[in-house]
Amino acid sequence: MNLSQRHALVTGASSGLGKAVATALAAGGAHVLMVARDPHRGEAARTEIIAASGNPAVDLLCCDLSSQSQIRALAAGVRGRVDALHLLVNNAGTAFPRWGLTPDGVERTLAVNHLAPFLLTNLLLDLLVAGAPARIINVGTRMNTAMDLEDLNWQRRPYRMMQAYGQSKLGNLHFTRELARRIAGSGVTVNAVFPGVFRSNLGGTDGAQGLFWTSVDRLLGWALKTPEQAAERVIHLLTSAEVAGISGQYFGDRVPIKAPAQADDAAANERVWQLSAAMVGLAEESFPRVSGKGLDHR
Ligand SMILES: NC(=O)c1ccc[n+]([C@@H]2O[C@H](COP(=O)([O-])OP(=O)(O)OC[C@H]3O[C@@H](n4cnc5c(N)ncnc54)[C@H](OP(=O)(O)O)[C@@H]3O)[C@@H](O)[C@H]2O)c1
């Protein structure tokens with residue numbers, strides 16, 4: 001894999017899958033923009049990624065993805081560093097054990113897992129078109145739960161962590177399908193991937209580890225994949241000629257897998273897009289439109 005001259009952005013690159021993907025991309029010669037929320041964990045990971053890959057072209061950008069103003073600042077920071085983006089991996093994920101709203105008024109698990117990739121990707125779309133052929137990968141899960149579109153913020157029913165996680169991750173699939181439709185012909189593809197089940201700190205920083213993930217790790221840790229093994233699926237989708245031009249698909253181990261039926265519903269995909277746009281304050285008129293080889297900003 002020769003990724004020299006390619007700019008790649010990976011969220012959640014301070015640990016787990018994101019760190020493994022960032023390391024593999026750096027080892028392939030890419031310029032990696034790694035996004036982490038904590039400067040100390042981020043810097044420690046950056047040092048490890050540079051040492052493991054032998055590539056010093058690894059930049060750290062700090063952003064708490066639960067904050068829409070920080071996501072906007074992140075997008076501005078990316079613009080300050082590159083004038084084109086070739087690879088975008090929306091990997092960061094979490095699960096909050098208790099209900100809470102972000103300062104933007106959004107339920108926290110939804111904010112990080114679904115709205116953050118939605119907003120960040122839309123803010124970076126023109127850079128991706130400038131880098132075309134470019135690829136976007138959204139990291140999904142098999143633990144999907146239908147989204148309650150009347151109550152995305154969990155204000156009318158008891159909050160359940162695993163359901164909130166499953167709904168937010170189904171949001172990733174709705175987003176993947178609708179974005180693929182909207183940017184068809186732009187030279188940018190978007191796909192989702194189920195990375196398999198692997199050893200993880202998922203939600204640990206946000207207090208969820210003790211409730212669920214630790215048990216999974218303790219009971220099954222020996223049998224689980226490593227993040228590096230899980231990263232192989234992501235790297236394949238980012239770099240293989242086999243998937244060039246393929247968009248809107250949900251991949252498992254190098255082959256498309258069946259998405260939950262909701263993600264096959266074009267009207268639902270459009271509705272989730274509209275609701276998400278409203279929640280991040282992006283007006284429909286502000287979305288770029290594909291025309292010819294590029295995107296028009298109306
Ligand atoms: N592990 C599995 O078996 C599995 C299976 C299917 C899908 N996935 C998906 O794989 C992705 C990576 O998970 P992982 O298992 O590698 O977990 P992980 O080791 O906990 O990594 C998650 C990353 O997301 C970051 N993150 C969380 N909240 C954030 C926020 N508010 N702002 C910025 N960054 C934030 C974390 O940063 P901190 O270091 O600051 O916490 C961390 O770098 C997730 O999308 C997850 O849903 C995992």
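Structure shown above.
Residues numbered from 1 in each chain as written. Predicted model: local features only at pLDDT ≥ 70, side-chain atom pairs only at ≥ 80, totals over all residues.

K.L.:
Tell me what's going on with the pairing of strand β5 (residues 134–139), and back it up with residues and numbers.
P.N.:
Of all six residues in β5, six are buried, a share of seventy percent or more. Residues of β5 alternate between two faces, with Ala 134, Ile 136 and Asn 138 on one and Arg 135, Ile 137 and Val 139 on the opposite face, all of them buried. With helix α4 (residues 108–130) bridging strand β4 (residues 87–90) and its parallel neighbour β5, the resulting β-α-β unit is right-handed. Bridging between β5 and strand β6 (residues 188–193) involves six bridges; their strand directions are parallel. Its bridge partner being in β6, Ile 137 is matched across the sheet by Asn 191. Between the parallel elements β5 and β6, the chain passes through helix α5 (residues 161–183) in a crossover that is right-handed. (Buried ≥ 20, exposed ≤ 12 C-beta atoms within 10 Å, placed from the backbone. Helix = DSSP H or I, 4+ residues; strand = E, 2+ residues; numbered from the N terminus. Right-handed = clockwise from strand over helix to strand, strands pointing away. Pairing = 2+ DSSP bridges.)

K.L.:
Go over the site of the ligand with me, naming the residues and quoting the values.
P.N.:
In the vicinity of the ligand lie 29 residues, with Gly 12, Gly 16, Gly 93, Ser 200 and Thr 205 positioned nearest. In terms of residue count, the dominant contributor to the shell around the ligand is helix α1 (residues 16–27) (three residues). For the shell around the ligand, the per-class residue count stands at eleven nonpolar, 14 polar and four charged. (Near = placed C-beta within 6 Å. Nonpolar A, V, L, I, M, F, W, Y, C, P; charged D, E, K, R; others polar.)

K.L.:
Give a detailed account of the nonpolar core, specifying residues and quantitative values.
P.N.:
Counting 83 residues, the largest nonpolar core has Val 10, Val 21, Leu 25, Val 32, Met 34 and Leu 128 as its most contacted members. Among residues more than four places away in sequence, those in contact with Val 21 are Val 10, Val 89, Asn 91, Ala 231, Val 234 and Ile 235. (Core = buried A, V, L, I, M, F, W, Y, C linked by C-beta atoms within 7 Å. Contact = placed C-beta atoms within 7 Å.)

K.L.:
I'd like a description of helix α3 (residues 68–81), backed by residues and values.
P.N.:
For α3, built from 14 residues, the straight-helix expectation of 20 Å at 1.5 Å per residue is met to within 8% by its first-to-last C-alpha distance of 20 Å. What α3 keeps buried is the set Gln 68, Ile 71, Leu 74, Ala 75 and Val 78. An end-on view of α3 places all buried positions within 105 degrees of arc, on one side of the element. Exposed side of α3, more than 90 degrees from the buried face: Ser 69, Ala 76 and Gly 80 are the residues found there. Looking at the buried positions of α3, the neighbouring elements they touch are β1 (7–11), β2 (31–36), β3 (58–62), α4 and α8 (266–280). (Expected span 1.5 Å × (residues − 1). Arc of directions from axis to C-beta.)

K.L.:
With reference to specific residues and values, describe the packing of α3 against α4.
P.N.:
The N-to-C vectors of α3 and α4 enclose an angle of 25 degrees; their axes lie 10 Å apart at closest approach. Here α3 lies roughly parallel to α4, going by the angle between them. The handedness of the crossing between α3 and α4 is right-handed. Across the interface between the two elements, Gln 68, Ile 71, Arg 72, Leu 74, Ala 75, Val 78 and Arg 79 of α3 pack against Ala 116, Leu 119, Leu 120, Leu 123, Leu 124 and Leu 127 of α4. Of the residues assigned to the contact of α3 with α4, the class counts are ten nonpolar, one polar and two charged. (Axes fitted to C-alpha atoms, helices over the stretch in contact; angles between N-to-C directions. Parallel < 35°, antiparallel > 145°, perpendicular 65-115°, else oblique. Left-handed = near helix turned anticlockwise from the far one by under 90°.)

K.L.:
Can you explain the environment of Ala 116? Please cite residues and give values.
P.N.:
As for its position among the elements, Ala 116 is in helix α4. The buried category is assigned to Ala 116, around which 29 C-beta atoms lie within 10 Å. Separated by 164 residues in the primary sequence, Ala 116 and Val 280 place their C-alpha atoms 8.8 Å from one another.

Everything listed here is a matter of coordinates, which is why it stays silent on function.
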